[in-house]
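Given next are the chains, with one letter for each unit.
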Number of protein chains: 2
Amino acid sequence: MGVLTDQQKARFMDLLWSIQSRLLAAFEEIDGKAKAERKSWERGEGAGGGTMGVIRGAIVEKAGCNVSAVSGPEYPAIEGEHKGKPFWAAGVSTIAHMYSPMAPIAHMNVRCLEVGDTFWVGGGADLTPFKAFDDDTKAFHAALEEACRGESHGTYDRYKKWCDEYFYIPHRKSIRGVGGIFFDYLKGDFDQLLNFLGKVTSAYCTVYPEILKKRVDEPFTDEQKDAQLFWRGRYAEFNLAWDRGTRFGLMTGGNTEAIFVSLPPVVKW
Amino acid sequence: MGVLTDQQKARFMDLLWSIQSRLLAAFEEIDGKAKAERKSWERGEGAGGGTMGVIRGAIVEKAGCNVSAVSGPEYPAIEGEHKGKPFWAAGVSTIAHMYSPMAPIAHMNVRCLEVGDTFWVGGGADLTPFKAFDDDTKAFHAALEEACRGESHGTYDRYKKWCDEYFYIPHRKSIRGVGGIFFDYLKGDFDQLLNFLGKVTSAYCTVYPEILKKRVDEPFTDEQKDAQLFWRGRYAEFNLAWDRGTRFGLMTGGNTEAIFVSLPPVVKW
């Protein structure tokens, strides 16, 4: 049963754990004081679980990085060819909110799903600045473009466009931030796909902390701070009202605590 | 076309405007300083519009009361017998958030829909205290029970149960607050239904300000205030992820500014 070997799954999990370690260490370094708290959870009866990591500090106001790996006899698809088949699903997801309105929110996720006798990977990364700096936007996009270079399953341009489409907020009539990449249902050779996910996540783990280090000490006004809190509403709205991953988690009784890790620490409406 | 006369519609609108006036005046009195701001909007081309009323103060942190009346050639139902028929829809909706964690959030809405050659009314009211006081819960329920007394279309018990079912938050596995009443698709004699809505809304306009006056000056701790901000997340989550009215508004490009009037002024996650 299944197409992935235990060794392949273990290698994928190694990637996820390394991303979590790297990001939480980077956030601790940027904050300089707050320490990440890790909390494990289990679905019970050998069905997997995960580890949430969250850091709440004066500079890194709230940053989370969650790793999970779950499995079961029936894939909980609402419909379609995969519904009801045995599945294994693992992924890492991170969203970070800095106190400073000068420092952007960013999100990254990669996941691998094995359902019945097929598997695929998906993921993405996007940057959402309250105050956009051209340098940051260019650096973020350039890092992701480099990670996509030479891949045969799809191009950077395609994944960039996919991101703009996915993170569109219909009721605000605008995209969530300045974009990034998004991809899903990538099938093919496991080693090649794992290598691609390694490049994407490594690019993110490098470029995002670099951007934060440049911005967290920038001066800002009380008006900008207040405006940032209202602007964060868009992020909460998108996640709660539109994001398929979040909604899937809420509807299927997933680990809601992990979902709330991603919501902004303080929001005004 | 339509079953309601212009005079009937005008009488329904009179009820809505009187509720808005009464509630905004009550909130101004409770706050003692802040004044309600009214803002009208139009859908364009004779398709109706509405008036948002919102007050933001030190005591009444954010309270909104919106009246709208819209019409069009095709009812925007997703499916069902009413899809695509000429419609007229009017309603009032209010949600209030006090600064004090001792004073409850409350919500009330009544609406009348005419689609093709049928019409119905719906609505409800519910109380959501951070710190529940038995006296307040009893007073709120008693006022609504009295408003339902002698009605032939349904009983208080039925509408109370409907409310508990509607305001259930699946991912939190709890109801939103201490309940109230909810009803929809009530058909019958217009005068009788208008009289019922008048009783329900009048009960709300009396009992909720009375509860607030008792609670806004109660002492509270910094810990309670902070906990209230996290607790408000449930309210935002319910409205954005689950509430059919809000989601219908977001999905159909309704007046999102009016929707945001209902979201809590400050939320923590």
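Let me sum up the structure you'll find in this document. (Residues numbered from 1 in each chain as written. Chains lettered and ligands numbered in written order. Predicted model: local features only at pLDDT ≥ 70, side-chain atom pairs only at ≥ 80, totals over all residues. Heavy atoms only, no water.)

### Describing the overall build of chain A
- Helices and strands together make up the secondary structure of chain A, namely seven helices and 10 strands.
- Projecting the C-alpha coordinates of chain A onto the three principal axes gives extents of approximately 60 × 40 × 35 Å.
- Here chain A holds 269 residues, and the buried ones make up 57% of them.
- Looking at chain A alone, contacts between residues at least 24 apart form 65% of all its contacts between residues at least 6 apart.
- Placing the 33 positive and 36 negative side-chain charges of chain A at their respective mean positions leaves the two points 3 Å apart. (Helix = DSSP H or I, 4+ residues; strand = E, 2+ residues; numbered from the N terminus. Buried < 20%, exposed > 50% of the residue type's maximum accessible area, 1.4 Å probe, protein only. Contact = heavy atoms within 4.5 Å. Lys, Arg positive; Asp, Glu negative; His and termini not counted. Charge placed at Lys NZ, Arg CZ, Asp CG, Glu CD.)

### What to know about the environment of Gly124(A)
Residues and elements named next belong to chain A.
- Structurally, Gly 124 is set in strand 6 (residues 118–128).
- Of the residues examined, Gly 124 reaches a relative accessible area of 3% and is grouped as buried.
- For the pair Gly 124 and Thr 94, spaced 30 residues apart in sequence, the C-alpha to C-alpha distance is 11 Å.

### Things to note about the interface of chain A and chain B
- Tallying the contact residues gives 22 residues for chain A and 22 residues for chain B.
- Carbon and sulfur atoms make up 69% of the surface buried where chain A meets chain B, a total of about 2000 Å² over both sides.
- Here chain A is connected to chain B by zero salt bridges.
- Linking chain A to chain B there are seven residue pairs in polar contact (both at pLDDT 80 or more).
- Looking at the side of chain A that touches chain B, the elements with two or more residues in it are helix 5 (222–242), helix 6 (244–251), helix 7 (256–261) and strand 10 (266–268) of chain A. (Buried area = accessible area lost by both parts, 1.4 Å probe. Salt bridge = Lys/Arg side-chain N within 4 Å of Asp/Glu carboxyl O. Polar contact = N/O pair within 3.5 Å; in protein donor to acceptor, adjacent residues only side chain to side chain.)

### So, the pairing of strand 5 (residues 105–115) of chain B
Residue and element names in this part refer to chain B.
- Within strand 5, 11 of the 11 residues are buried, which leaves it mostly tucked inside the rest of the structure.
- Of the two faces of strand 5, the one lined by Ile 105, His 107, Asn 109, Arg 111, Leu 113 and Val 115 and the one lined by Ala 106, Met 108, Val 110, Cys 112 and Glu 114 are each fully buried.
- Inspection of the sheet shows strand 4 (residues 87–97) paired to strand 5 by 10 bridges, in the antiparallel sense. Residue pairing for strand 5: Ala 89 is matched across the bridge by Leu 113.
- Note that strand 5 and strand 6 (residues 118–128) share 11 bridges and pair antiparallel. Each bridged residue has a counterpart across the sheet, and for Met 108 the counterpart in strand 6 is Ala 125. (Pairing = 2+ DSSP bridges.)

### Considering unusual backbone geometry
All names here are of chain A.
- Even without being a glycine, Tyr 185 presents a positive backbone phi close to 55°.
- Relative to the elements of secondary structure, Tyr 185 occurs in strand 9 (residues 179–186).
- Residue Tyr 185 is classed as exposed on the basis of its relative accessible area of 56%.

### Points about the relation of the copies chain A and chain B
- Relative to chain B, chain A is turned by 180° and slid 0.0 Å along the rotation axis, the superposed coordinates differing by an RMSD of 0.0 Å. Such a turn and shift between the copies fits a two-fold axis.
- When the interface residues of chain A are mapped onto chain B, 100% of them are again interface residues, pointing to one common binding face. (Least-squares fit on C-alpha atoms with pLDDT ≥ 70 in both.)

### Let's talk about the packing of aromatic side chains
- Overall, the coordinates contain 40 aromatic pairs over all chains when judged by the stated rule.
- The interplanar angle of 50° and the centroid separation of 5.5 Å between the aromatic rings of Phe167(B) and Phe238(B) together place this pair among those described as tilted. Of this pair, Phe167(B) sits in the loop between helix 3 (156–166) and strand 7 (168–169) while Phe238(B) sits in helix 5 (residues 222–242); the two residues are 71 residues apart in sequence, bridging distant segments of the chain. With respect to class, Phe167(B) is no different from Phe238(B); both count as buried.
- Within the aromatic cluster, the residues linked to one another by ring pairs are Tyr159(A), Trp162(A), Tyr166(A), Phe167(A), Phe182(A), Phe183(A), Phe196(A) and Phe238(A). (Phe/Tyr/Trp six-rings, centres within 6.5 Å; stacked < 30°, edge-to-face > 60°.)

### Notes on helix 2 (residues 134–148) of chain B
All names here are of chain B.
- Between its first and last C-alpha atoms helix 2 spans 21 Å; for 15 residues at 1.5 Å apiece the expected length is 21 Å, and the two agree.
- On its buried side, helix 2 packs onto strand 6, helix 3, strand 9 (179–186) and helix 4 (190–215).
- Gly 150, located one to two residues past helix 2, shows a positive phi value of around 80°. (Expected span 1.5 Å × (residues − 1).)

### Overview of the pattern of salt bridges
- Counted according to the given criterion, the structure contains 30 salt bridges over all chains.
- Ionic pairing is found between Glu61(B) and Lys225(B), a salt bridge with its closest N-O pair at 3.8 Å. In this pair, Glu61(B) is assigned in the loop between strand 2 (48–55) and strand 3 (62–72) and Lys225(B) in helix 5, connecting sequence segments 164 residues apart.
- Assessed through its relative accessible area of 13%, Glu61(B) is described here as buried.
- With a shortest N-O distance of 2.6 Å, Arg215(B) and Glu218(B) are connected by a salt bridge.
- Residue Glu218(B) is classed as partly exposed on the basis of its relative accessible area of 24%.
- One salt-bridge network, in which partners are shared between bridges, spans Asp136(A), Lys214(A), Arg215(A) and Glu218(A).

### A few points about helix 2 (residues 134–148) of chain A
Residues and elements named next belong to chain A.
- Along helix 2, the residues that are buried comprise Asp 136, Thr 137, Phe 140, His 141, Ala 143, Leu 144, Ala 147 and Cys 148. Axial view of helix 2: buried residues confined to an arc of 155°, hence all on one face. Pointing more than 90 degrees away from the buried face of helix 2 are the exposed residues Asp 134, Asp 135 and Lys 138.
- Buried residues along helix 2 sit in contact with strand 6, helix 3 (156–166), strand 9 and helix 4 (190–215). (Arc of directions from axis to C-beta.)

### A short note on empty space enclosed by the protein
Residue and element names in this part refer to chain A.
- Counted under the stated rule, the structure contains one cavity of 30 Å³ or more.
- Of the pockets and cavities examined, the largest cavity occupies roughly 30 Å³.
- Forming the walls of the largest cavity are Asp 126, Cys 163, Asp 164, Phe 167, Ile 175, Arg 176, Gly 177 and Gly 179.
- Tallied by class, residues from the lining of the largest cavity come to three nonpolar, two polar and three charged. (1 Å grid on protein atoms, 1.4 Å probe; cavity = no way out; pocket = protein on both sides within 12 Å on 5 of 7 lines; lining within 4 Å. Points joined across faces, edges and corners; volume = space filled by probe spheres on them. Nonpolar A, V, L, I, M, F, W, Y, C, P; charged D, E, K, R; others polar.)

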